[in-house]
Amino acid sequence: MKDGQKDSKNKDIALVSIPGLSIKMDKKADFVQLKAHGPLRKACAPFLKKINERLKEEKPALVDEERVIASTWLPPIPGKVFNRLLLAETQIALGRYIPETVSFEITRNCKCNCEHCVVSGGEGDLDIETIKRAIDDVLDMGAMVIVFTEGDPMLREDIYELIDYVDKERAIVNMYTPGTEMTPENARRLKEAGLHNLLVSIYSTDPENHNAVRRLDGAFDYATNAIKMGLEAGLLVTMATHVSPRNIDELPEMYEFAKELGVHEFSLWESVPKKKGDPIITEEHRQKVLEMYHRINSTKGGPRIFANTYFEGEMLGCMAGQRWMHVCVDGLVKPCPYIPFSYGNIQKSSIKDIWSKIRKDRHFRGQRSTCLMQEKEYLRLVDKIPEDASKPYDIDKIES
């Protein structure tokens, strides 16, 4: 029996099979590699090449007998959700863009009061049936990563029902939390509901600095305890942070802290300016992040690093309005969490129609290696938003 199992592991595993294209996973080498066959293989060749390079050159977030998780932001290999990713990238290569990642603000409630929070203005949260309907719609559109975020999803009583509702054969579920509501029991319930990855942000290894960002006494202890409880419950856990000119030199120390905690991944996101005068990460800073990214991920032991500086820079380009869509707590839809413009409301329009409107905006055409919110031309558009206006702001009021 054991010999038979060993033989089966050495065979190619079929991942995708559609007219004109088949993709198989080769496990005969020391590392996983993906191979495409058929007339459509050229369409997905660039993406497969990038994935194969990462699988060959970088340590994964997790490996067990049945799966490889290259990053906590990617579905397990092999698996039905990863197959959907391959199909989506083939569609994108043919010019049919799909919102692969859809993030949902599901509550305004949060015990923190962070200045950088992007939660929408106004009052009230979407009801659960509206959120479920939107989840169904984006899954039908091809989404395979659902993210629950802003303010603290764990302050919404039906968070476990929402996580459970997502079809795990079609999408993985990630969730951000500052950790204030985490208990061993809550961590266990998240695991049972099918959460793929728990993300907890740490802004400094100095508790006082982290607490100052969160504007909450004890926030650092809440966050670190939430990470520990998530790991004890058997969840994938990511320690996340925003990279800014203020903390760029602290990143190595923060990585060592992530390693000490035992997380699966240290996730780095470039800070995005919210108003005039906010510091913007420089090209020199990006090179520091990329050097750390490649060095750490090619070194055995410790958590891997996810950096959107690489993923949305060198690998795929900015995902806003191309592979990412963000649903605000009041139903307004943005191309990503950071862009302050809305293109419709899921309570009034279909999310498919809203995505089509986003795709018609010239700003989301062609690959960009930097965030739109870091480009001077686009920031001039942002500056047209009235100072007293609630965000996100209706894009039609700007363009008309």
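Along each chain, numbering runs from 1 in the same order as the chain's sequence is written. With the structure being a predicted model, the display of local features is reserved for residues of pLDDT at least 70 and the display and counting of side-chain atom pairs for 80 or more, all residues being used for whole-chain, interface and lining totals. Hydrogens and water are ignored here; the side-chain numbers use all heavy atoms of the structure.

Looking now at the nonpolar core. Core analysis: the biggest nonpolar cluster contains 126 residues, and Ile-23, Leu-34, Phe-104, Phe-148, Leu-190, Met-239 and Phe-341 have the highest contact counts within it. Setting aside anything within four residues of it in sequence, one finds Phe-148 in contact with Phe-104, Ile-106, Ile-135, Pro-153, Ile-159, Leu-162, Ile-163, Val-166, Val-173, Asn-174, Met-175 and Tyr-176. Residues enter a nonpolar core if they are buried and are Ala, Val, Leu, Ile, Met, Phe, Trp, Tyr or Cys, with the set joined through side-chain atoms within 4.5 Å. Burial classes follow relative accessibility: with a 1.4 Å probe on protein chains only, a residue under 20% of its type's maximum area counts as buried, one over 50% as exposed, and anything between as partly exposed. Any two residues whose heavy atoms approach within 4.5 Å at even a single point are treated as in contact.

A word on the packing of helix 10 (residues 283–297) against helix 11 (residues 308–315). In contact at an axis separation of 9 Å, helix 10 and helix 11 are set at 100° when each is read in the N-to-C sense. Considered as vectors, helix 10 and helix 11 are oriented roughly perpendicular to each other. The residues of helix 11 that touch helix 10, namely those facing Arg-286, Val-289, Leu-290, Tyr-293 and His-294, are Thr-309, Tyr-310 and Glu-314. Looking at side-chain class alone, the contact of helix 10 with helix 11 contains four nonpolar, two polar and two charged residues. The axes used here are C-alpha line fits, helices contributing only the stretch in contact, and every angle between their N-to-C directions lies in the interval 0 to 180 degrees. Each helix corresponds to a stretch of at least 4 residues labelled H or I by DSSP, and each strand to a stretch of at least 2 residues labelled E; elements are numbered beginning at the N terminus. These descriptions rest on fixed angle ranges, namely under 35 degrees for roughly parallel, over 145 for roughly antiparallel, 65 to 115 for roughly perpendicular, and the rest for oblique. Residue polarity follows a fixed list, in which Ala, Val, Leu, Ile, Met, Phe, Trp, Tyr, Cys and Pro are nonpolar, Asp, Glu, Lys and Arg are charged, and the others, Gly among them, are polar.

In this description, the term disulfide denotes a pair of cysteine sulfurs within 2.5 Å. Within the structure shown, the criterion is met by zero disulfides. Between Cys-371, a cysteine without a disulfide, and Cys-318, which holds the nearest cysteine sulfur, the sulfur-to-sulfur distance is 5.4 Å.

This part takes up the environment of Lys-397. When you line up the elements, Lys-397 lands in helix 14 (residues 395–399). Classification of Lys-397 by relative accessible area gives exposed; the value is 55%. Placed twelve residues apart in sequence, Lys-397 and Ile-385 show a C-alpha to C-alpha distance of 8.9 Å.

Now for the confidence of the model for the protein. Here the protein averages 90 in pLDDT, and 94% of its residues register 70 or above. Long-range and interchain partners of residues 1–8, a stretch whose pLDDT sits below 50, account for zero contacts in this model, where long-range means more than four residues apart. Confidence of the predictor at the level of single residues is captured by pLDDT, which takes values from 0 to 100.

Strands pair, by our definition, only if DSSP identifies at least two bridges between them. Here we have nine strands laid out as an open sheet, ordered 12-11-10-9-8-7-6-13-14, and mixed in their pairing. Each of the sheet's edge strands pairs with one partner strand only, and the pair in question is strand 12 (304–307) and strand 14 (333–334). Two strands pair when backbone bridges link them, and strand 13 (residues 324–327) and strand 14 are joined in this way by two bridges, in the antiparallel orientation. In the sheet register, His-326 faces strand 14, and the bridge partner there is Lys-334. Sitting on the sheet, helix 12 (residues 351–360) is in contact with strand 13 and strand 14, with an inclination near 125° to strand 13.

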